[in-house]
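# Analysis of the macromolecular model
The residues making up each chain are set out below.
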Amino acid sequence: NNEGNFLRGSGGIRGTLDNNFTTMGWMLRTSNSKATILSYRQVWTRLEFAFSDSVMYFSQRQTASPYTTNTTSVSVTNSLNVWDHYALVKIGVGAQVTSSWKFYKNGTLLATNSFAMDETMSEGGGSYHIGAAWSDDDYIVNAMGGYIGPVYHYTTSLSDAQVLQNYNAQKSRFGL
């Protein structure tokens, strides 16, 4: 629709974000707006796993001045009107530790980056969105134009083989 599509929820994932986790989902963009696989807003920090035409990224941004942002990303071509499967695996337990971040598209590992958060990710509020992002002023922005397929959040770091298995288990539903 012209407003964009997104889902909202609360609870559940909040306590998992400082530990190992995997977030993955199927997305089809019909416009050049970015697609957010997971956006999480807490009292002091906003987290976002998203992609645009040429990049997939995970960022942590403070929600008050000075709005410090830390981002890890990978370059990737993301076409319109095509179903794709995106996955992010975090390996690293604890707040403010350097973790490994593995980015996947359609079951293929694209990159492994090292990245440290500024602060804990699991305290505060428990609201999250799929398909849209939080603004600094606590309202929804960047709702994607397109469709959202199944999205999963695991409280463990899946292996390369497990990410590929998840992709292969559902790809026929999306014409792949």
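Calculation notes
Here the residue numbers are simple positions, counted from 1 along each chain's written sequence. Totals for whole chains, interfaces and linings use every residue, but because this is a predicted model, local features are given only for residues with pLDDT of at least 70 and side-chain atom pairs only at 80 or more, for both listing and counting. The side-chain figures draw on all heavy atoms in the structure; neither hydrogens nor water molecules are used. Think of a nonpolar core as a cluster: buried Ala, Val, Leu, Ile, Met, Phe, Trp, Tyr and Cys residues, connected wherever their side-chain atoms sit within 4.5 Å. Relative accessible area decides the class of each residue, using a 1.4 Å probe on protein chains only: under 20% of the type maximum gives buried, over 50% gives exposed, and in between gives partly exposed. Helical segments are the DSSP runs of H or I of at least four residues, strand segments are the runs of E of at least two, and each set is numbered from the N terminus. Picture the helix axis, draw a direction to every C-beta atom, and the arc is the one those directions span. When DSSP finds two or more bridges between a pair of strands, those strands are recorded as paired. Under this scheme, a helix contributes an axis fitted over its contacting stretch, all axes are lines through C-alpha atoms, and angles between N-to-C directions fall in the 0 to 180 degree range.

Turning to the nonpolar core, a few remarks are in order. Note that soluble globular proteins tend to have their nonpolar side chains buried in a common cluster. Counting residues in each nonpolar core, the largest one holds 22 residues, and the members touching the most others are Phe49, Met56, Phe58, Trp101 and Phe103. Counting 6 residues, the second-largest nonpolar core is a separate cluster that includes Ala87, Val89, Tyr104 and Leu158.

Time to look at helix H1 (residues 160-170). Within the span of H1, buried status applies to Val163, Asn166, Tyr167 and Gln170. Along H1, the residues classed as buried sweep out an arc of 95 degrees about the axis, all on the same side. Relative to its buried face, H1 has exposed residues pointing more than 90 degrees away, namely Ala161, Gln165 and Ala169.

We now examine the sheet that holds strand S8 (residues 98-105). Within the open sheet, the 5 strands sit side by side as S9-S8-S7-S2-S13. Their pairing is antiparallel. What marks the edges here is a single partner per strand, and that holds for strand S9 (108-116) and strand S13 (146-154). Recorded for the sheet is a direction-independent mean angle of 15 degrees between the axes of neighbouring strands. By the bridge criterion, 7 bridges tie strand S2 (residues 21-29) to strand S7 (residues 84-91) in an arrangement that is antiparallel. Within S7, the position partnered with Thr23 by the bridge is Leu88.

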